[in-house]
Amino acid sequence: MDRHPTVKWAQRSDTIYITIDLPDAKDVNLKLEPEGKFFFSATSGADKIPYEIDIDLFDKVDVNESKASIGLRNIRYLVKKAANKWWSRLLKQEGKPPVFLKVDWDKWVDEDEEPEDKQGADMDFGDFDFSKLNMGGGEDLDDDAADKDEENDDSDTEEEVAAEAAPAGGEAGTKA
């Protein structure tokens, strides 16, 4: 009997995100059929334990526009829906979903919260932490503090610099 890896899913109106959590997966076999049949098999670990998933998705999909990515810790599948509409569930069968199937709350967006402008929506940055880029804006920026800095400006004006550069009357060239 094959085991089932944990499968997380989320959706948008035009795509389904499927993430299969299986570290060090070997002999990965993915199959997606237009009518929504999804099959996955692989082995993992030193004992080459077999894992398998065989599910019927809720509706038809576009196999040619769907993409898979096999990583060290998981397998990600971006499944393009045949029709741009929200599914009421992932699986065709009604009732309680299998225990290995979970919602991917990191990618989940409610239907009424989906942005109309999808520019860059297909870009998946995974666990990338943008706060580590040190791109500024992290400090408490205050406009009043900038104004105070200008009031306390100790730098010399052009007139002050010119006056200091010119020798004072009669002092240059005299020795005491």
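As the structure is a prediction and not an experimental result, all values here were calculated from the model.

Asker: Describe the pairing of strand E4 (residues 37-44), listing the residues and the values that go with them.
Answerer: With six of its eight residues buried, E4 lies for the most part within the structure. Sheet analysis places strand E3 (residues 25-32) next to E4, joined by six bridges and oriented antiparallel. In the sheet register, Lys-26 faces E4, and the bridge partner there is Thr-43. Linking E3 to E4, which pair antiparallel, is a turn of four residues; within it Gly-36 sits at a positive phi near 105°.

Asker: So what about the sheet that holds strand E8 (residues 101-103)? Which residues, and what values?
Answerer: Judged by pairing direction, the sheet is mixed, and its five strands sit side by side in the order E6-E7-E2-E1-E8 without closing on themselves. What marks the edges here is a single partner per strand, and that holds for strand E6 (61-70) and E8. Across the sheet, the mean angle separating the axes of adjacent strands is 20° when strand polarity is ignored. Alignment of strand E2 (residues 15-21) against strand E7 (residues 74-81), held across seven bridges, turns out to be antiparallel. Paired with Thr-19 across the two strands is Arg-76, which belongs to E7.

Asker: Can you explain the side chain of Ser-66? Please cite residues and give values.
Answerer: Take Ser-66: it is sitting in strand E6. Its relative accessible area of 11% is what places Ser-66 among the buried residues. From its side chain, Ser-66 meets the backbone nitrogen of Lys-80 in a polar contact 3.0 Å long. Those residues in contact with Ser-66, other than ones at most four positions away along the chain, are Leu-32, Tyr-77, Leu-78, Val-79 and Lys-80.

Calculation rules
- Residues numbered from 1 in each chain as written.
- Predicted model: local features only at pLDDT ≥ 70, side-chain atom pairs only at ≥ 80, totals over all residues.
- Heavy atoms only, no water.
- Buried < 20%, exposed > 50% of the residue type's maximum accessible area, 1.4 Å probe, protein only.
- Helix = DSSP H or I, 4+ residues; strand = E, 2+ residues; numbered from the N terminus.
- Pairing = 2+ DSSP bridges.
- Axes fitted to C-alpha atoms, helices over the stretch in contact; angles between N-to-C directions.
- Polar contact = N/O pair within 3.5 Å; in protein donor to acceptor, adjacent residues only side chain to side chain.
- Contact = heavy atoms within 4.5 Å.

Keep in mind these numbers describe shape, not what the thing actually does.
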